[in-house]
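Below, each chain spelled out in residue letters.
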Amino acid sequence: VYCLKREMWGQATAEFELDHFQPQSLVPERALDYLNLVYACRRCNSVKQDQAIADPLILLSSKTVCVMLDGTIVGTSLDSKRLIAQMDLNSPALCRWRVIWMRIVE
């Protein structure tokens, strides 16, 4: 029931897609596991595809990443570098977005 509600909400708003944190192709037994379902923007979901990645929330809020003044993200661990590359987090559009938000916060 909860899985269906998540899916319906994501489809109705078109803002987020339902994503399997651990890809169904790699871990089929978790396909309907509620705790394996997360919201992801369409861009992140399409970039991730069937790749297994470390938990981005843990990595990106740790001391293994640094945001530079130009908006790029620099990883200091192998996992954080891999996540940045896999998710294309240093795309020009995302870097511009980060600079805007850094200026707002400043």
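Residues numbered from 1 in each chain as written. Predicted model: local features only at pLDDT ≥ 70, side-chain atom pairs only at ≥ 80, totals over all residues. Heavy atoms only, no water.

1. Describing the pattern of salt bridges
Thinking step 1. Summed over all chains, the structure comprises two salt bridges.
Thinking step 2. For Arg82, the salt bridge goes to Asp79, with nearest N and O atoms at 3.2 Å. In this pair, Arg82 and Asp79 both sit in helix 4 (residues 78–86), three residues apart, roughly one turn of the helix.
Thinking step 3. Using a relative accessible area of 39% as the deciding quantity, one classes Asp79 as partly exposed. (Salt bridge = Lys/Arg side-chain N within 4 Å of Asp/Glu carboxyl O. Helix = DSSP H or I, 4+ residues; strand = E, 2+ residues; numbered from the N terminus. Buried < 20%, exposed > 50% of the residue type's maximum accessible area, 1.4 Å probe, protein only.)

2. Examining unusual backbone geometry
Thinking step 1. Positive phi, normally seen in glycine, also occurs at Asp88, with a value near 50 degrees.
Thinking step 2. Along the polypeptide, Asp88 turns up in the loop between helix 4 and helix 5 (92–105).

3. Points about a nonpolar patch on the surface
Thinking step 1. Where nonpolar side chains cluster on the molecular surface, the patch consists of Trp97, Ile100, Trp101, Ile104 and Val105 and spans about 580 Å² of accessible area.
Thinking step 2. Looking at where Trp101 falls in the secondary structure, it is placed in helix 5. (Patch = residues over 30% accessible without salt bridge, like charges linked within 9 Å, V, L, I, M, F, W, Y side chains within 5 Å. Areas by Shrake-Rupley, 256 points an atom, 1.4 Å probe, with all protein chains shown as cover.)

4. Quick word on the confidence of the model for the protein
Thinking step 1. The predicted model of the protein has a mean per-residue pLDDT of 77, with 74% of residues at 70 or higher.
Thinking step 2. For the protein, helix 1 (residues 2–13) is the element with the lowest average pLDDT, namely 45, and strand 4 (residues 73–75) is the one with the highest, namely 92.
Thinking step 3. Taken together, the stretch residues 1–11 has pLDDT below 50 and engages in 14 contacts with residues farther than four places along the chain or on a different chain. (pLDDT = per-residue confidence, 0-100. Contact = heavy atoms within 4.5 Å.)

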